[in-house]
Amino acid sequence: MKLVFVTQVLDGRDAVLGFVPRWITGLAARCERVRVLALEVGDASGLPGNADVQAIGRRGTLGRYLRYQRLLRQALFDEGFDAVLAHMVPRYALLARRKARAAGAGLHLWYTHGEVDARLQRAVRVVDRVFTASPQSMRIETEKRVVTGHGIDLAHFSARGVEPDGPPRILAVGRITPAKDPLTLLAAVSILVSRGYDLHVDLAGPTLAAGDGAYLRRVEEQIELGGLAGRVTLHGAVPYGEIPALYRRARVLVNPSRTGSIDKVVLEAMACERPVLTSNEAFPPLFAELGADAARLAFEAGSASDLAAKLAALLALPAPERRALGARLRALVARDHEVDALMGRLVSAMEAVR
């Protein structure tokens, strides 16, 4: 199979999409050729010889559209590529529909988000397959939906024998936005600090949308009002290559996300053998087989008091018990969410509809 992969950014240092080059490597190992069409291209070093990259660019709405159509036409009609996989953005699939169908090429979408809008609904109607990490990550009931799990690079995300030391550090990773709810985390930590806990918080994530800057100011105000000055580090956007170090020094990863889909930062922390606490409704089914440990890893969305109680319980775990829990969490990721296994599932499913 010769595959066109369409994405927003191809850059191994990108804080959000830095994993995409690893996906391309995994896809290229299973395809004759892979061509990446990206709005923006940064560090694309290390890609295999049968993978190439073409930048669409972000300049001008009409110009961007015309460049995308030209690059699709070249790949599908001039060079015989036979499948298109749009990554996360339904619009990419919609804009590729006519050319893909005229060329007899497969058309597919990867989508992981709890939100369902009209554009996603239209894209699902026109694609052959829509791949997603969990049923909660693509909430349109359709026979085209293929639940594949996420793709976590276990070599990149690993404990490497590192044990957290010093005062416990609590980590949250994600955009500074209400959907990620860092305010509940800060309120919970304030409760514990008032009870004498010596805690530090790392918030790693960019402000991307127009309203994120105003929300960041609310976060900064909460830090001051909650008596957490000097205890919270706002890292901003952290390059993909540097984020595993934050997981390794954390005692617990907290994910107050309200997106409703499996947030891969939780899986990354699990791969690093770190306990996690999440209010995300997509995770209890994943944790169910852990038995009694499952209840330790979830808290009520928006409840600082519940989060504080669960955090205190995890922080009190003896080191051997914490390590054993971390090993079980990594094993879950290795079994169901390993990157090369995901790439194999994607290619097999795309080839099946050719």
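1. Things to note about the overall build of the protein chain
Line of reasoning, step 1. Across its full length, the protein chain carries 13 helices and twelve strands.
Line of reasoning, step 2. Relative to the compact-globule value of 20 Å for 354 residues, the protein chain shows a C-alpha radius of gyration of 21 Å, a close match.
Line of reasoning, step 3. When its C-alpha atoms are laid out on the principal axes, the protein chain stretches across 65 × 40 × 40 Å.
Line of reasoning, step 4. Across the 354 residues in the protein chain, those meeting the buried criterion constitute 55%.
Line of reasoning, step 5. In the protein chain, of all internal contacts separated by at least 6 residues, the share reaching a separation of at least 24 is 65%.

2. Notes on unusual backbone geometry
Line of reasoning, step 1. One non-glycine residue, D181, lies in positive phi territory at about 50 degrees.
Line of reasoning, step 2. Assessed through its relative accessible area of 7%, D181 is described here as buried.
Line of reasoning, step 3. Even without glycine at this site, E273 takes up a positive phi of about 65 degrees.
Line of reasoning, step 4. One can find E273 in the loop between α8 (264–271) and β12 (276–278).
Line of reasoning, step 5. Accessibility expressed as a relative area gives 27% for E273, which makes it partly exposed.

3. Overview of the sheet that holds strand β3 (residues 51–55)
Line of reasoning, step 1. Reading across the sheet, the seven strands line up as β3-β2-β1-β4-β5-β6-β7 and stay open at both edges, with parallel pairing between neighbours. Both outer strands of the open sheet, β3 and β7 (145–147), are each paired with one neighbouring strand and no more. Sheet twist, expressed as the mean angle between neighbouring strand axes with direction ignored, is 25 degrees.
Line of reasoning, step 2. Bridge analysis of strand β2 (residues 33–41) against β3 gives five bridges, and the strand direction is parallel. Counterpart to V36 in the pairing with β3 is V53.
Line of reasoning, step 3. Contacts from helix α2 (residues 61–78) reach β1 (2–10), β2, β3 and β4 (83–87) within the one sheet, and its direction differs from that of β2 by about 170 degrees.

4. Examining the sheet that holds β12
Line of reasoning, step 1. The parallel open sheet is built from five strands, whose spatial order is β10-β9-β8-β11-β12. Every other strand in the sheet has two partners, leaving β10 (232–236) and β12 as the edge strands with one partner each. The average undirected angle you get between the axes of adjacent strands in this sheet is 20 degrees.
Line of reasoning, step 2. Of the pairings in the sheet, the one linking strand β8 (residues 169–173) to strand β9 (residues 200–204) comprises five bridges and is parallel in character. Residue pairing for β9: I170 is matched across the bridge by V201.
Line of reasoning, step 3. Contacts from helix α5 (residues 182–194) reach β8, β9, β10 and β11 (252–255) within the one sheet, and its direction differs from that of β9 by about 170 degrees.

5. A few points about the packing of α8 against helix α12 (residues 319–336)
Line of reasoning, step 1. The geometry of α8 relative to α12 is characterised by a closest axis approach of 7 Å and an angle of 125 degrees between their N-to-C directions. Judged by the angle between their axes, α8 and α12 are oblique. The crossing of α8 and α12 is left-handed. Here L267, M270 and A271 of α8 come into contact with α12, specifically with G326, L329, R330, L332 and V333.
Line of reasoning, step 2. Residues that form the contact of α8 with α12 fall into these classes: six nonpolar, one polar and one charged.

Cut-offs and rules
Residues numbered from 1 in each chain as written. Predicted model: local features only at pLDDT ≥ 70, side-chain atom pairs only at ≥ 80, totals over all residues. Heavy atoms only, no water. Helix = DSSP H or I, 4+ residues; strand = E, 2+ residues; numbered from the N terminus. Rg over C-alpha atoms; globule rule 2.2 N^0.38 Å. Buried < 20%, exposed > 50% of the residue type's maximum accessible area, 1.4 Å probe, protein only. Contact = heavy atoms within 4.5 Å. Pairing = 2+ DSSP bridges. Axes fitted to C-alpha atoms, helices over the stretch in contact; angles between N-to-C directions. Parallel < 35°, antiparallel > 145°, perpendicular 65-115°, else oblique. Left-handed = near helix turned anticlockwise from the far one by under 90°. Nonpolar A, V, L, I, M, F, W, Y, C, P; charged D, E, K, R; others polar.

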